[in-house]
Amino acid sequence: MTLNDSDSLTQSGIIDSIGLLELIDYICETYSIEIPEDMLTPENFDSLQGITNLITRLAK
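Residues numbered from 1 in each chain as written. Predicted model: local features only at pLDDT ≥ 70, side-chain atom pairs only at ≥ 80, totals over all residues. Heavy atoms only, no water.

**Student:** So what exactly am I meant to see when it comes to the overall build of the protein chain here?
**Tutor:** Counting secondary structure elements, the protein chain contains 3 helices and 0 strands. What you see in the protein chain, going N to C, is helices and strands ordered as α-α-α. For the protein chain, whose C-alpha radius of gyration is 11 Å, the value lies close to the compact-globule estimate of 10 Å for 60 residues. Along the first, second and third principal axes, the C-alpha atoms of the protein chain reach 30 × 20 × 20 Å. The buried share of the protein chain, taken over its 60 residues, is 27%. (Helix = DSSP H or I, 4+ residues; strand = E, 2+ residues; numbered from the N terminus. Rg over C-alpha atoms; globule rule 2.2 N^0.38 Å. Buried < 20%, exposed > 50% of the residue type's maximum accessible area, 1.4 Å probe, protein only.)

**Student:** Is there a simple way to explain the side chain of S8 in this structure?
**Tutor:** With respect to the element layout, S8 can be found in the segment before helix 1 (17–31). The class of S8 is buried, set by a relative accessible area of 13%. Separated by 3.3 Å, the side chains of S8 and T10 make a polar contact. Here the side chain of S8 touches Q11 through a polar contact of 3.0 Å, landing on its backbone nitrogen. (Polar contact = N/O pair within 3.5 Å; in protein donor to acceptor, adjacent residues only side chain to side chain.)

**Student:** Just to check I follow, could you spell out unusual backbone geometry for this structure?
**Tutor:** In terms of backbone geometry, most residues other than glycine have negative phi values and most peptide bonds are trans. A positive phi angle, close to 50°, is found at S32, a residue other than glycine. Within the secondary structure layout, S32 lies in the loop between helix 1 and helix 2 (42–45). Under the relative-accessibility criterion, S32 is labelled exposed at 65%.

**Student:** Any chance you could explain the nonpolar core here in plain terms?
**Tutor:** Grouped burial of nonpolar side chains is what soluble globular proteins tend to show. Residues L9, I15, I24, I27, I33, I35, M39, F45, I51, L54 and I55 constitute the largest nonpolar core, which totals 11 residues. Broken down by secondary-structure element, the contributors of at least two residues to this core are helix 1 and helix 3 (48–58). For this core, the leading source of residues is helix 3, giving 3 residues. (Core = buried A, V, L, I, M, F, W, Y, C linked by side-chain atoms within 4.5 Å.)

**Student:** Before we go on, may I ask you to explain helix 1 in this structure?
**Tutor:** For an α-helix, 3.6 residues make a turn, and residues three or four places apart therefore share a direction. Between the first and last C-alpha of helix 1 there are 21 Å, a value that for 15 residues agrees with the 21 Å anticipated at 1.5 Å per step. Burial in helix 1 covers these residues: G19, I24 and I27. Projection of helix 1 onto a plane perpendicular to its axis shows the buried side chains occupying an angular sector of 145°, all on one side. Along helix 1, the residues that are exposed and aim more than 90 degrees away from the buried face are I18, L21, E22, Y26 and E29. Its buried side turned inward, helix 1 meets helix 2 and helix 3. For helix 1, the N-terminal capping position is held by D16, with its side-chain oxygen 3.3 Å away from the main-chain nitrogen of I18. (Expected span 1.5 Å × (residues − 1). Arc of directions from axis to C-beta. Contact = heavy atoms within 4.5 Å.)

Without other data, these values stay purely geometric and don't point to any function.
This is how it looks when you write it as structure tokens:
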């Protein structure tokens, strides 16, 4: 399976709700950032592009 930057991770079956929580925890620990509650949206976590954009904004 080929995964593009904008493909939905949940619709592709790559990640589920538990996996999403683990991903959020991993991002916070790895990049030493705290993700504000208002940024916990599908747009920020449902694709590689959304995750990359979120980390780039918060890691500055």
